[in-house]
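# Working through the structure, step by step
Residues per chain, in single letters:
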Amino acid sequence: MKFPIIPVIDLSKPESKQLMVKACEELGFFKVINHGVPMEFISKLESEANNFFSLPVSDKEKAGQPSPFGYGNKSIGHCGDFGLVEYLLLTTKLDSNSHSFLGQTFRGALNDYITEVKRMGCEILEMMADGLKIEQRNVFSKLLTDEQSDSVFRLNHYPPCPDHDKIKNGEHLIGFGEHTDPQIISVLRSNNASGLQISLKDGTWISVPPDHTSFFINVGDSLQVLTNGRFKSVKHRVLSNGLNPRLSMIYFGGPPLSEKLAPLTSLMEGEQKSLYKEFTWFEYKKSLFNSRLADHRLILFQTSIPTAFSI
Ligand code: GA4
């Protein structure tokens, strides 16, 4: 069977497991249809997020700095990465005290949406485990369902580009610079504005056609480690498209901070050696804190570090 450039996985078909494994090995990225997330939950959150981002900056800043959770504008992460993006970084463990600045309706919409995408993320991770013929089918999903799971949720808003002429002249303005996601799995949904690009194995960038009714899945660095490099975490970026504002909502499914990450022994056939040293998710997060978006941080945890790489 010929593979479309972006693999499409139909969650209602049991045979999708094998296609999913293939997509994770070849690209670390795929689109999901028949996902079962009610469109009503998606639209409600989209409308609440649009209301928030249309507020004056002084009101948005009342949400506090995004460290760990709050509103961020242009500056991404801790090391001066810049993008034409504003965002809300939020906890997925919503209780009556969390994010009170967002108001009751927004928090209700968040809760409904996060519950659904977490369920879908776990279903996908279980299909992957089946596809990899791992006996314990919750081997990945249990890291997300754990009470201590360190998952986060992000709403990114890319406003129309102020310098649209530059884009017409072929120059691109970065919305979110190239990076891989560090967690296990990311479940992404956006409105119908383009901008997302993924990098293929040979380093070429391809644009992902937007589809507001489907979800996109990224393999994260931690899943690359657990599968001993069999699944690839996908390098991606967002380029500002100029005219249409882009709104994306991403659930980053991460393990508990104390979780030790190392390749699963059941996935190492015969003489195959572990490509990674064991490390905790906390240690990996700490290493991210002092790095820039495009740094290849996972290399620090490889069992053999290429000599050409300077730390
Ligand atoms: C990318 C994925 C998530 O958005 C995020 C980002 C995080 C941040 O914004 O604080 C990071 C980035 C992300 C990876 C490298 C480090 C950390 C910014 C950055 C420069 C919340 C995450 O977990 O990792």
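The structure under discussion appears in the preceding block.
Residues numbered from 1 in each chain as written. Predicted model: local features only at pLDDT ≥ 70, side-chain atom pairs only at ≥ 80, totals over all residues. Heavy atoms only, no water.

## A closer look at the site of the ligand
Within the structure, the ligand sits among 13 residues, and Arg-154, Asp-181, Pro-182, Gln-183 and Phe-252 are positioned closest to it. In the model, an oxygen atom of the ligand is placed 2.9 Å from a nitrogen or oxygen of the Arg-154 side chain. One of the side-chain nitrogen or oxygen atoms of Gln-183 is found 2.8 Å away from an oxygen atom of the ligand. With the chains in place, 91% of the 460 Å² that the ligand exposes on its own is no longer accessible. Along the lines of polarity and charge, the residues of the shell around the ligand split into five nonpolar, four polar and four charged. (Near = heavy atom within 4 Å. Polar contact = N/O pair within 3.5 Å; in protein donor to acceptor, adjacent residues only side chain to side chain. Areas by Shrake-Rupley, 256 points an atom, 1.4 Å probe, with all protein chains shown as cover. Nonpolar A, V, L, I, M, F, W, Y, C, P; charged D, E, K, R; others polar.)

## Section: the pairing of strand 2 (residues 29–33)
Among the five residues of strand 2, four are classified as buried, and the element is accordingly described as predominantly covered. Bridging between strand 1 (residues 8–10) and strand 2 involves three bridges; their strand directions are parallel. Residue pairing across strands places Val-8 opposite Lys-31, the latter belonging to strand 2. Between the parallel pair strand 1 and strand 2, the chain is carried across by helix 1 (residues 16–26), and the sense of this crossover is right-handed. As judged from the four bridges shared by strand 2 and strand 10 (residues 215–219), these two strands associate in the antiparallel manner. Note that in strand 10 the partner of Val-32 across the bridge is Phe-215. (Buried < 20%, exposed > 50% of the residue type's maximum accessible area, 1.4 Å probe, protein only. Helix = DSSP H or I, 4+ residues; strand = E, 2+ residues; numbered from the N terminus. Pairing = 2+ DSSP bridges. Right-handed = clockwise from strand over helix to strand, strands pointing away.)

## A short note on the nonpolar core
By size, the foremost hydrophobic cluster in this structure holds 63 residues, and its most contacted members are Phe-30, Leu-88, Ile-124, Met-128, Phe-140 and Phe-153. No other element matches the 13 residues that helix 4 (residues 104–131) contributes to this core. When neighbours within four sequence positions are excluded, Phe-140 is seen to be in contact with Leu-125, Ala-129, Leu-132, Ile-134, Leu-223, Leu-226, Thr-227 and Leu-264. Among the nonpolar cores identified, the runner-up in size contains 21 residues, and Val-85, Leu-89, Tyr-158 and Val-238 belong to it. (Core = buried A, V, L, I, M, F, W, Y, C linked by side-chain atoms within 4.5 Å. Contact = heavy atoms within 4.5 Å.)

## Quick look at the side chain of Ser-199
Topologically, Ser-199 is positioned in strand 8 (residues 196–199). Owing to a relative accessible area of 12%, Ser-199 belongs among the buried residues under this scheme.

## Some thoughts on the layout of surface pockets
A volume near 480 Å³ is recorded for the second largest pocket. Looking at the second largest pocket, it is lined by 20 residues, and the ones nearest its centre are Thr-180, Gln-224, Ser-233, Lys-235 and His-296. Tallied by class, residues from the lining of the second largest pocket come to six nonpolar, seven polar and seven charged. (1 Å grid on protein atoms, 1.4 Å probe; cavity = no way out; pocket = protein on both sides within 12 Å on 5 of 7 lines; lining within 4 Å. Points joined across faces, edges and corners; volume = space filled by probe spheres on them.)

## Let's talk about helix 2 (residues 39–53)
The first and last C-alpha atoms of helix 2 sit 21 Å apart over 15 residues, in line with the 21 Å expected at 1.5 Å per residue. Every buried residue belonging to helix 2 is among Phe-41, Ile-42, Leu-45, Glu-46, Glu-48, Ala-49, Phe-52 and Phe-53, and all of these are buried. The buried residues of helix 2 occupy an angular sector of 165° when the element is viewed end-on, so they sit on one face. (Expected span 1.5 Å × (residues − 1). Arc of directions from axis to C-beta.)

## A short note on the pattern of salt bridges
With the rule as written, the count across this model stands at 17 salt bridges. In this structure, the salt-bridge partner of Lys-13 is Asp-10, at a minimum N-O distance of 3.7 Å. Since its relative accessible area comes to 13%, Asp-10 is described here as buried. The residue Lys-285 makes a salt bridge to Asp-150 at a minimum N-O spacing of 2.8 Å. Here the residue Lys-285 occupies a position in helix 8 (residues 281–289), and Asp-150 occupies one in the loop between helix 5 (141–145) and strand 5 (152–158), the gap between them amounting to 135 residues. A relative accessible area of 32% places Lys-285 in the partly exposed class. With a relative accessible area of 16%, Asp-150 lands in the buried category. Among the charged side chains, a network of salt bridges with common partners joins Lys-17, Glu-126, Asp-130 and Arg-137. (Salt bridge = Lys/Arg side-chain N within 4 Å of Asp/Glu carboxyl O.)

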